[in-house]
There are 2 protein chains.
Amino acid sequence: MRPTVHDIAAEAGVSLATVDRVLNNRPGVRSVTRDKVERAIATLGYVRDVAAANLAKSRSYPLIFILPEGENAFMRGLEAEIEAARARSAVERTDITIVSVPAFDAAALANALDDARGHGPAGVAVVAVEAPEVVAAVARLREDGIAVVTLVSDLTGSQRDHFAGVDNLAAGRTAGSLMRRFLGSREGPVAIVAGSMRVRDHRDRLEGFTAAVNEGDAGRVLLPVVEGHDDPGEVEALVDDLLVAHANLAGIYSLGAGNRGLIAALEKAGRQSGICAIAHELTPYSRAALVSGTIDALLNQDAGHEVRSAIRVLKARADGLSMIEAQERIRIEIFLRDNLPVDPA
Amino acid sequence: MRPTVHDIAAEAGVSLATVDRVLNNRPGVRSVTRDKVERAIATLGYVRDVAAANLAKSRSYPLIFILPEGENAFMRGLEAEIEAARARSAVERTDITIVSVPAFDAAALANALDDARGHGPAGVAVVAVEAPEVVAAVARLREDGIAVVTLVSDLTGSQRDHFAGVDNLAAGRTAGSLMRRFLGSREGPVAIVAGSMRVRDHRDRLEGFTAAVNEGDAGRVLLPVVEGHDDPGEVEALVDDLLVAHANLAGIYSLGAGNRGLIAALEKAGRQSGICAIAHELTPYSRAALVSGTIDALLNQDAGHEVRSAIRVLKARADGLSMIEAQERIRIEIFLRDNLPVDPA
DNA sequence: GTATTTTTGATTTACGTACATCAAAAATTC
DNA sequence: GAATTTTTGATGTACGTAAATCAAAAATAC
């Protein structure tokens, strides 16, 4: 049987009230006594029964999720997963609020973080934009003892407790390696379409891709990176131009969102162009393009996993508990036509 | 605020005791009254607070894991994950027992299942071997109201509640597709090394691979499947023979375990042989071979995820609760040298 | 209508923890 | 050594559910 507070009291030779004072760092305990109790806790290997504690406290976890607005299919999928988590609120004792901010707008994001702080939540999950004011806003949250998790895109130099997202350097490398192997000896340059170099994940992917696609001998020519700001229309125009300017284009790596535009441009050009296309994130559009052969490979991060992970970590941090590291590792999923999960629709 | 049993009692106009009788199907309630209570439950959207209920019941979940013995690195890794879960028993209210049985031995497995039944656990997780006596043993467990989850390898036609493992048909297809794309126009046949056709996962992988590697035109010659029974020594001898017999061998697909033998044979032959090797399961050996370039791609199933998933599902089933489907989907992970997770060691 | 059985209500204790109150004991100050 | 402050103990209530007991009420049988 698992030891309880009563066992600690007996072991330490103090009353239940004193054990309670130590466990919940309430004042009025001499350090000698505190030591006795802490020794008893260590000896018995006591761990607080979180379920019972939460019951007694009627605890709930108010959490705030901040993510970019706009028609980015991945972000809307992420939001759907947060909604799904909200539906489980009763069971999980969470109370989730979703806040939308303009994409790639550091000032707006910093404001949203400060607003969140005003509500005194137990934790905040945020899709970060890298900027000093955002780092500062996160620091303020942490000073108030609010747990912070970055979601999808990390925030360099910040005090965030955890990053719920993939290793984007490795993701870029993986894309580069696949591009290299899929192209084999085929001639022609490779184009790269990004969203914005303002977000860490895009920068990381670019770096990884560039390194891996030319690993060994290769000598593959990479065209200058173009930015489509995750906007389908913008991306489509950019890819149209690329296809015109480079008749012998061998491959395209789309490392951001707006794949609807990429797919439209490629299909206009006719897939017989034989261009090897690698993109990110499984959405209804990109899925269809993978099945039809317009896209050759998709790298994906499981939005549902990220959201559930963020919630677990925020709850654990709010209670000062540890987490199961391996469970919170977000995988870089590689989808070919052959290993697509069953369509949920 | 979430409704409680008190709210139901008030809503239905009955006493707390009656609500309790209905909720825990105790006898002695007229069907008219039972209906009243059930309507109140529906109206208020009551869901039992599992944490509070478990506290009141001092409930624990005795679980039994049955897996094959032997030096199969993947299975030993799986066992380590079960041990890790056992270390969390106090927090998760589980009480986990591990049972080992000879590999590929249906009779021994059926006996182990019957033994497990004798202990009256809340649930059983089992790495299945396909055989009628195993199916029958699982049926007996289910008759006793014991939840059953198959782990890694499924059991066709059985009454198991859930399968915690990957879609091995898709895994085989994925391997085939990668082999086809990686080989490109390179000449030469492809060899296939299996463990045993007695387990469902190996049969499925073979089927998927065969279909995908020759998709489209391809016309790749596949050598007859050889069985190494997941034994490194046996596998090494088989691969040695293959390399001698087929000087122009283009690729090898190892769909079972015993990769230590495969790697040894390939390295003896010298990797300049330029054979494209694709195998399953990330272990210390296969990881090193992937890094060194002896193996080109590894398909993996996350043993930790499978174990945690099995536990979640068994607990939920034991309580008659539903699960988060997406969370229990075990992914087919594709590892290249470029997206290897950080070495835990 | 009485006797019997079945159904329902009222009440209590328990699970492990949190939190509050008040009295008693110990330590500190002067 | 008395007065004051700090520390500790004893006790009770609460969280939401489970489970048990016993009495009261209602339904059924004869």
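Note that the structure is predicted; figures quoted are calculated from it, not measured.

## A word on the protein's contact with DNA strand C
- Around DNA strand C sit 27 residues, and of these A:Tyr46, A:Arg48, B:Thr18, B:Arg30 and B:Thr33 come closest.
- Taking the atoms of DNA strand C that fall within 4 Å of the protein, sugar and phosphate contribute 72% of them.
- Contact between DNA strand C and B:Thr18: a phosphate oxygen at 2.7 Å from a side-chain N or O atom of the residue.
- Breaking the surface near DNA strand C down by element, the ones donating at least two residues are helix H1 (5-12) and helix H4 (50-57) of chain A together with helix H2 (16-23) and helix H4 (50-57) of chain B.

## Let's talk about the pattern of salt bridges
- Summed over all chains, the structure comprises 50 salt bridges over all chains.
- A salt bridge links B:Arg76 to B:Glu79, with the nearest nitrogen and oxygen atoms 2.8 Å apart. Here the residue B:Arg76 and the residue B:Glu79 both occupy positions in helix H5 (residues 73-87), the gap between them amounting to three residues, near one helical turn.
- Accessibility expressed as a relative area gives 26% for B:Arg76, which makes it partly exposed.
- The network of salt bridges with shared partners includes A:Asp302, A:Glu333, B:Arg329 and B:Arg331.

## Remarks on the relation of the copies chain A and chain B
- Superposing chain A onto chain B requires a rotation of 180° together with a translation of 0.1 Å along the rotation axis, leaving an RMSD of 0.1 Å. Between the two chains, the operation in question is that of a two-fold axis. Judged by C-alpha distance, A:Ala51 is the residue of chain A that lies nearest the rotation axis, at 2.8 Å.

## So, the domain arrangement of chain A
Residue and element names in this part refer to chain A.
- Domain assignment breaks chain A into domain 1 (5-48), domain 2 (58-165 + 303-330) and domain 3 (168-300).
- For domain 2 versus domain 3, the separation of C-alpha centres amounts to 29 Å.
- Between domain 2 and domain 3, the contact holds 14 residues from the first and 15 residues from the second.
- Both sides together, the interface formed by domain 2 and domain 3 hides about 1,200 Å², and carbon and sulfur atoms give 53% of it.
- On the domain 2 side of the interface with domain 3, the three residues burying the most area are Glu 71, Phe 104 and Glu 130, jointly 44% of the side's total.
- Here domain 2 is connected to domain 3 by two salt bridges.
- Taking the shortest distance from any N to any O, the salt bridge between Glu 71 and Arg 260 comes out at 3.1 Å.
- Across the contact surface, domain 2 and domain 3 share four residue pairs in polar contact (both at pLDDT 80 or more).
- Broken down by class, the residue content of the side of domain 2 that touches domain 3 amounts to eight nonpolar, three polar and three charged.

## Thoughts on the protein's contact with DNA strand D
- With respect to spatial proximity, 27 residues lie near DNA strand D, and among them A:Thr18, A:Arg30, A:Thr33, B:Tyr46 and B:Arg48 are the closest.
- Considering DNA strand D, the proportion of its atoms within 4 Å of the protein that are sugar or phosphate atoms stands at 72%.
- The backbone of A:Ser15 places a nitrogen or oxygen atom 2.7 Å from a phosphate oxygen of DNA strand D.
- B:Val5 places a main-chain nitrogen or oxygen 2.9 Å from a phosphate oxygen of DNA strand D.
- Those elements that place two or more of their residues in the surface near DNA strand D are helix H2 (16-23) and H4 of chain A together with helix H1 (5-12) and H4 of chain B.
- Considering each element in turn, the surface near DNA strand D owes the most residues, four residues, to H4(B).
- Among the residues making up the surface near DNA strand D, the classes are represented as 10 nonpolar, nine polar and eight charged.

## Re the sheet that holds strand S10 (residues 297-300) of chain B
All names here are of chain B.
- Pairing is mixed across the open sheet formed by six strands, whose spatial order is S7-S6-S8-S9-S10-S11. Both outer strands of the open sheet, strand S7 (226-227) and strand S11 (333-335), are each paired with one neighbouring strand and no more.
- The pairing of S10 with S11 spans three bridges and is classified as antiparallel. Bridge pairing in S11 links Asn 300 to Glu 333.
- Sheet strands in contact with helix H9 (residues 168-183) are strand S6 (190-194), strand S8 (251-254), strand S9 (276-280), S10 and S11, and its direction is about 165° off that of S9.

## Let's talk about the sheet that holds strand S1 (residues 61-68) of chain A
All names here are of chain A.
- Pairing in this open sheet of five strands is parallel, and the strands run S2-S1-S3-S4-S5 from one edge to the other. Among the strands making up the open sheet, the edge pair consists of strand S2 (94-101) and strand S5 (162-164). Adjacent strand axes in the sheet meet at a mean angle of 20°, parallel and antiparallel pairs treated alike.
- With three bridges joining them, strand S4 (residues 147-151) and S5 adopt parallel strand pairing.

## Here we look at the environment of A:Ala106
All names here are of chain A.
- By the secondary structure assignment, Ala 106 is in helix H7 (residues 106-118).
- Ala 106 gets classed as buried once you look at its relative accessible area, which sits at 6%.
- When the C-alpha atoms of Ala 106 and Phe 335 are compared, they prove to be 32 Å apart, with 229 residues separating the residues in sequence.
- For Ala 106, the residues in contact, after removing those within four places along its chain, are Val 129, Ala 131, Glu 133, Val 134 and Arg 198.

## Looking at the packing of H5(B) against helix H14 (residues 303-318) of chain B
Residues and elements named next belong to chain B.
- Running from amino to carboxyl end, H5 crosses H14 at an angle of 50°, the nearest separation of the two axes being 9 Å. Comparing their axes, H14 and H5 come out oblique. The way H5 lies across H14 gives a crossing that is right-handed. Within the contact between the two elements, H5 uses Phe 74, Leu 78, Glu 81, Ile 82 and Ala 85 and H14 uses Ala 303, Gly 304, Glu 306, Val 307, Arg 308 and Ile 311.
- For the contact of H5 with H14, the per-class residue count stands at seven nonpolar, one polar and three charged.

## Focus: the interface of chain A and chain B
- Contact with chain A, which involves 37 residues of that partner, is made by 37 residues of chain B.
- Taken together, the two surfaces of chain A and chain B that pack against each other cover about 3,400 Å², and 49% of this comes from carbon and sulfur.
- It is A:Arg181, A:Arg331 and A:Asp338 in chain A that bury the most area against chain B; as a group they hold 20% of the surface buried on that side.
- Taken together, the connections running from chain A to chain B amount to 14 salt bridges.
- Across the salt bridge formed by B:Arg93 and A:Asp49, the nearest N and O atoms sit 3.3 Å from each other.
- Joining chain A to chain B, the criterion identifies 18 residue pairs in polar contact (both at pLDDT 80 or more).
- Counting residues per element, the ones that place at least two in the side of chain A that touches chain B are H4, helix H6 (89-92), helix H9 (168-183), helix H14 (303-318) and strand S11 (333-335) of chain A.
- The dominant element in the side of chain A that touches chain B, judged by the number of residues it contributes, is H9(A), at seven residues.
- When the residues that make up the side of chain A that touches chain B are grouped by side-chain class, the tally is 16 nonpolar, five polar and 16 charged.

Cut-offs applied
Every chain begins its residue count from 1, and numbering advances along the sequence as written. All chains are assigned letters beginning at A, and all ligands numbers beginning at 1, according to the order in which they are written. Totals for whole chains, interfaces and linings use all residues, but because this is a predicted model, local features are given only for residues with pLDDT of at least 70 and pairs of side-chain atoms are given and counted only at 80 or more. Side-chain measures here rest on the full set of heavy atoms in the structure, leaving out hydrogens and waters. Whether a residue is near a molecule or strand is decided by its heavy atoms; if any one of them lies within 4 Å of it, the residue is near. N or O atoms within 3.5 Å of each other form a polar contact, as long as, within protein, one can give a hydrogen and the other can take it, and as long as residues adjacent in sequence are counted only when both atoms are side-chain atoms. The way it works is that DSSP assigns letters per residue, a run of H or I at least four long becomes a helix, a run of E at least two long becomes a strand, and they are numbered from the N terminus. What counts as a salt bridge is simple: a side-chain nitrogen of Lys or Arg found within 4 Å of a carboxyl oxygen of Asp or Glu. Working definition: with a 1.4 Å probe on protein chains only, accessible area under 20% of the residue-type maximum means buried, over 50% means exposed, and in between means partly exposed. Least-squares superposition aligns the copies on the C-alpha atoms of those residues with pLDDT at or above 70 in both. As annotated, the domain borders come from an automatic or database domain assignment. Here, two residues are considered to be in contact whenever any of their heavy atoms come within 4.5 Å of each other. When two components associate, each loses some accessible surface as probed by a 1.4 Å sphere; the sum of these losses over both components is called the buried area. Amino acid classes used here: Ala, Val, Leu, Ile, Met, Phe, Trp, Tyr, Cys and Pro are nonpolar; Asp, Glu, Lys and Arg are charged; the rest, including Gly, are polar. Only when DSSP finds a minimum of two bridges between them are two strands counted as paired. In this analysis an axis means a line fitted to C-alpha atoms, helices contributing only their contacting stretch, and an angle means the value between N-to-C directions, from 0 to 180 degrees. Note that the term roughly parallel is reserved for angles under 35 degrees, roughly antiparallel for angles over 145, roughly perpendicular for angles of 65 to 115, and oblique for everything else. Crossing handedness follows the turn of the near helix against the far one: under a right angle anticlockwise gives a left-handed crossing, and clockwise gives a right-handed one.

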